[in-house]
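Descriptive structure summary
Take a look at the letters that make up each chain.
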Amino acid sequence: MTGVLNRYGWSLGLLAILAGLLIATRIIQPNFGVSGLDSLARAALPFAFCTAGMAIVVIAGGIDLSIASVMAVAGVIAALLMQQMGDASAGLVVLVVLAAGIGMGVINGALIVLTRGPDIVVTLAMLFVWEGVALLILNAPGGAATPWMRELVVGGLTLPGVPAAMTMWVPRAFVVLVALVVIIWLPLRRSKLGLSIYAIGSDQHAAFRSGVAVGRTRIAAYGFAGLFAALGGLSITLSTGIGEPIPGPYLLASVAAVVLGGVALTGGKGGLLGPIIAVFILRTLRLDLTLLSVDPNVTTIIEGTIMVAVVMAGGLLAMRGRH
Amino acid sequence: MAATIEIAALPQRVGRVIRANPVIPLILLLFALVALLEGLQPGIFNERWVGNTIRFAIPLAMLAACQTLTMLTGGIDLSAGVVATISAFVVATLTPLVGGPSAIVLALVPAILMGLVNGFGVGICRVHPLIMTLGTGLIGTGCLQVYQRYVINTGSEIPGMFEWLGTGRTLGMPNALFLFVPFAILILWGLRRTGFGRLLYAMGANEKATRLSGVRSWQVLLALYTMSGLIAGLTGLLYVGIIRAPSLSLANSLMLPSVAAAVIGGTSIFGGRGSYSGTIVGALILTVLGTLLTLLQIPEGARRILFGAIILVVTALYVRITDQS
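Reading guide: rules and limits
Residues numbered from 1 in each chain as written. Chains lettered and ligands numbered in written order. Predicted model: local features only at pLDDT ≥ 70, side-chain atom pairs only at ≥ 80, totals over all residues. Helix = DSSP H or I, 4+ residues; strand = E, 2+ residues; numbered from the N terminus. Rg over C-alpha atoms; globule rule 2.2 N^0.38 Å. Expected span 1.5 Å × (residues − 1). Contact = placed C-beta atoms within 7 Å. Nonpolar A, V, L, I, M, F, W, Y, C, P; charged D, E, K, R; others polar. pLDDT = per-residue confidence, 0-100. Buried ≥ 20, exposed ≤ 12 C-beta atoms within 10 Å, placed from the backbone.

**Considering the overall build of chain A**
Scanning chain A from N- to C-terminus turns up 14 helices and 0 strands. Sequence-ordered secondary structure for chain A, helices as α and strands as β, is α-α-α-α-α-α-α-α-α-α-α-α-α-α. Expected size for 323 residues packed as a compact globule is a radius of gyration near 20 Å; at 19 Å, chain A falls within 12% of this value. Projected onto the principal axes, the alpha-carbon positions of chain A cover approximately 55 × 45 × 45 Å.

Given below as structure tokens:
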């Protein structure tokens with residue numbers, strides 16, 4: 001009971017921080033409104049997807065250092081195929097990209113299981129490998145995004161039969177995020193596989209002795225991380241319009257959001273709600289700093305410092321929990 | 001029957017030989033690569049080429065020292081490349097303002113500071129070194145970009161000492177050896193003969209046992225990461241002397257090879273096993289391999305894949321070898 005309270009208490013606390021930050025944004029910039037919310041949601045989209053992927057792996061007791069490179073590969077595949085195949089087959093391209101993401105995740109997981117190396121080392125090696133793959137696919141930023149697909153994440157929500165004024169303030173990017181996370185995560189969490197993921201994260205040996213196929217579960221967790229990373233890469237391409245082969249700062253951001261979101265780096269605890277709220281907190285913070293006309297490089301330093309501080313505090317908490 | 005026993009025993013025996021003298025197979029591999037290069041382009045193997053190879057292997061070997069030392073405790077220092085870049089950039093931009101010697105001192109300050117922060121995070125907050133050093137690397141890059149705007153008009157100059165070290169030659173061999181040979185001897189001696197060196201091995205082999213026998217592990221880690229920062233800073237100073245053109249991403253390209261050099265050199269990424277002599281040979285192997293890849297016109301992407309694959313394969317091999325023992 002207290003565990004449940006604790007879990008939702010953490011998320012509620014994060015929500016309160018987010019609300020405070022949004023109010024602060026409104027004070028700093030009085031005309032912050034629908035378009036500001038829209039660009040905030042769009043900027044947060046890739047971060048939220050990769051954080052969701054990272055959270056699943058961390059819950060399973062691992063960590064995926066290659067997640068930003070997997071996103072880059074997915075992004076360049078999407079940009080290149082959308083440019084070559086035209087508007088009509090854009091849906092097919094999305095399926096190809098998602099399949100590629102799952103494939104990359106499964107390769108990561110399978111290599112960890114096969115080599116018996118620690119997750120952190122194997123995914124470090126794969127970080128370099130996927131980075132190389134992205135560069136081989138597209139040597140410099142290029143490609144294009146299909147216009148009607150871009151419409152999916154730009155602008156406000158319009159529902160048939162409901163007055164536009166009522167729904168316009170909800171950014172489409174936010175709806176896409178919530179819908180996809182709900183469609184993928186909720187069934188997974190309730191399934192046997194989801195339970196197994198939590199089980200191998202909290203105690204691998206106990207899970208093995210209670211009949212969980214540890215190797216297969218780990219591969220599946222990395223597969224889901226790959227799927228979310230592909231969604232992240234896709235959303236980068238859709239919001240910028242081109243494919244970028246050099247991975248962005250998503251790795252550290254996702255680890256920080258996962259820790260801030262109440263998922264223990266030791267595994268087995270937490271969900272996706274907290275980390276995704278944490279992503280929005282970090283993004284809003286960046287937005288506020290930009291609105292205060294802080295130099296973007298200084299913003300990067302502040303952001304990096306906050307992330308490192310969060311991870312350090314998480315480390316101290318984890319240590320206290322262990323003793 | 002006898003044959004199957006022999007086959008089964010072979011990996012064990014190979015494993016034992018590698019564990020006893022990890023440098024011997026590495027040197028053989030180095031010679032094999034040089035022979036392959038000579039076969040592909042006859043006449044490439046001459047005194048000038050050897051000198052150049054050593055010259056470019058030295059900064060790599062020095063940066064790989066950061067990885068070797070931290071890996072011995074089961075860590076890693078991913079901020080080393082950024083630290084080297086910062087020191088190089090700072091020294092080049094401050095020399096016209098404050099003169100060579102004080103610029104060198106000022107350039108090593110951020111290096112030591114970043115090392116201290118890493119040591120604080122890893123030793124006291126118990127953050128995983130990979131995440132910690134990645135984070136400080138990111139912060140360092142941001143700071144460098146802010147700093148760059150303040151010195152954009154000062155121009156750049158490299159202290160004469162490092163230019164001499166980086167570009168000069170004595171008896172056909174690069175002058176960088178005057179810095180590197182004492183450095184390597186110091187590291188080799190420090191790891192084998194001093195208490196601090198032994199502590200690094202002990203902490204990597206079994207941190208809990210080390211702590212229970214009275215070692216304050218946070219002090220060791222703090223000193224270790226600070227030292228790693230200092231070494232990275234020194235590498236940056238030498239590297240800018242070799243390249244002679246400071247930039248905001250100067251030594252970042254050495255980062256990945258430095259991890260690979262330590263791993264190839266037989267330092268276990270899990271800690272407790274490894275030597276600096278192996279790392280030096282690893283750096284030479286990677287430099288020769290780099291020449292080979294350039295000769296074969298392999299694109300940058302494939303190079304990264306290859307380095308990643310090397311780390312993966314070697315790590316997997318080490319897991320197997322340690323499992324058998």
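The structure having been displayed, the exposition proceeds.
**Let's talk about helix α5 (residues 100-124) of chain B**
Here α5 of chain B contains 25 residues, and its C-alpha end-to-end distance of 36 Å stays within 8% of the 36 Å for a straight helix at 1.5 Å per residue. Positive phi shows up at Arg126 of chain B, right after α5 of chain B, with a value of about 55°.

**Concerning the interface of chain B and chain A**
In this assembly, 33 residues from chain B lie in contact with 34 residues from chain A. Elements supplying a minimum of two residues to the side of chain B that touches chain A: α6 (129-150) and α14 (300-324) of chain B. In terms of residue count, α14 of chain B provides more of the side of chain B that touches chain A than any other element does, 14 residues in total. When the residues that make up the side of chain B that touches chain A are grouped by side-chain class, the tally is 20 nonpolar, 9 polar and 4 charged.

**Some remarks on the confidence of the model for chain B**
All names here are of chain B. Mean pLDDT for chain B: 83, with 92% of residues reaching 70 or above. Of all the helices and strands in chain B, helix α1 (residues 2-20) carries the lowest mean pLDDT, 61, while helix α11 (residues 217-243) carries the highest, 90. Interface confidence in the predicted complex, given as ipTM, is 0.79; pTM for the same model is 0.80.

**Here we look at the environment of Leu248 of chain B**
Residue and element names in this part refer to chain B. Take Leu248: it is sitting in the loop between α11 and α12 (252-264). The spatial distance from the C-alpha of Leu248 to the C-alpha of Leu144 is 7.4 Å, given a sequence separation of 104 residues. In this view, Leu248 contacts Thr85, Phe89, Leu144, Gln145 and Gln148; residues no more than four positions away in its chain are not counted.

**Considering the environment of Leu114 of chain A**
All names here are of chain A. Position of Leu114 relative to the elements: it lies in helix α4 (residues 90-115). Residue class for Leu114 comes out exposed when judged on the 12 C-beta atoms lying within 10 Å of it. Between the C-alpha atoms of Leu114 and Gly215, which are 101 residues apart in sequence, the distance is 8.8 Å.

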